[in-house]
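Working through the structure, step by step
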Amino acid sequence: MTDDRRHPIFARLYPRMDAACARAGGGELRDELLASARGRVLEVGAGHGANFAHYPATVTEVVALEPEPTLRARAEAAARDARVPATVRPGLAEDLDVADVSFDTAVVSLVLCSVRDPGRALAELRRALRPGGELRFYEHVRGDTPAMVRYQRAVDVVWPYVAAGCRLTRPTADRIAASGFTIRRRRDFRFPGERSLHPAAPCVIGVATRD
Ligand SMILES: C[S@@+](CC[C@H](N)C(=O)[O-])C[C@H]1O[C@@H](n2cnc3c(N)ncnc32)[C@H](O)[C@@H]1O
């Protein structure tokens, strides 16, 4: 069995979409996500490595997993330029090839929308973290009004086919809290602005600790 998840068109477009997001403030969000992160870090679904430039010097090592081969190759190049030691390998969040309690920090950014089984991914991240270790999360999530959720559900009929399996209506913060983590910090917002009507605009960013 292979851990590869091939989405060649998405993989070619995503770095450009992310660059547009960075111009709209996405880089500051990555700084917020990773501020004061420390120790040995496991990042799942690292994409093309957009977080690597944002890790602070308090991080000693980043082990990054990415199942999409084109994105993984881009992430390997980004790892070579990173300020902290970073290695990239294939791997799925739901089936981590890492030892128990071997990381201080785990990072998910715009990933739990796309994994096939978010509950299993969170159980695996919990297994990999030491007690008290931190899960840093930045995800787009289910909207907070019935009208927004209806809109997201309608778009979600086609969205996963054009966005590599991404889902719009996942209540990711609730799922984190129900998976053996305590949410210590959380900020809900819409990206790129509070008036955005983009179906992936509702977002949450924060820090949870492994119980
Ligand atoms: C929208 S991209 C986000 C990439 C990156 N984390 C970022 O912040 O730019 C979603 C990523 O999740 C990855 N992904 C999808 N399913 C996954 C899984 N089951 N396990 C790990 N990564 C997965 C995709 O290959 C893709 O790189």
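Residues numbered from 1 in each chain as written. Predicted model: local features only at pLDDT ≥ 70, side-chain atom pairs only at ≥ 80, totals over all residues. Heavy atoms only, no water.

What about the site of the ligand?
The following threshold applies: The rule for a residue being near a molecule or strand is that one of its heavy atoms must lie within 4 Å of it. Under the rule applied, a polar contact is a pair of N or O atoms within 3.5 Å (in protein, one hydrogen donor and one hydrogen acceptor; residues adjacent in sequence only if both atoms are side-chain atoms). Computed by Shrake-Rupley with a 1.4 Å probe, the accessible areas treat only the displayed protein chains as cover when residues are assessed. Only runs of H or I of at least four residues qualify as helices and only runs of E of at least two qualify as strands under DSSP, and these elements are numbered from the N terminus. Following the grouping adopted for this structure description, the nonpolar residues are Ala, Val, Leu, Ile, Met, Phe, Trp, Tyr, Cys and Pro, the charged ones are Asp, Glu, Lys and Arg, and the polar ones are all others, Gly among them.
Lining the immediate environment of the ligand, one finds 20 residues, of which Y14, G45, E66, E94 and S109 sit closest. Separating an oxygen atom of the ligand from a side-chain N or O atom of E66 is a distance of 2.6 Å. Within the contact set of the ligand, a nitrogen atom lies 2.9 Å away from a backbone nitrogen or oxygen of A93. Contact with the protein chains removes 95% of the 600 Å² of surface that the ligand exposes when unbound. No other element matches the 3 residues that helix α1 (residues 8–34) contributes to the shell around the ligand. A per-class count over the shell around the ligand returns 10 nonpolar, 5 polar and 5 charged.

Some thoughts on the pattern of salt bridges
Going by this rule: Salt-bridge detection follows one rule: a side-chain nitrogen of Lys or Arg within 4 Å of a carboxyl oxygen of Asp or Glu. Note on classification: 1.4 Å probe, protein chains only; a residue is buried when its accessible area is under 20% of the maximum for its type, exposed when over 50%, partly exposed between these limits.
Under the counting rule described, the total for this entry stands at 11 salt bridges. One salt bridge in this structure joins E124 and R127, with 2.8 Å as the shortest N-O distance. Here R127 and E124 lie together in helix α3 (residues 118–128), a separation of 3 residues that amounts to about one turn. Here R127 falls in the partly exposed class, since its relative accessible area comes to 22%. Among the ionic pairs, D188 bridges to R186, the shortest N-O distance being 2.8 Å. Relative accessible area serves as the criterion here: at 43%, R186 is assigned to the partly exposed category. In the salt-bridge network here, residues are joined through shared partners; they are D4, R6 and R72.

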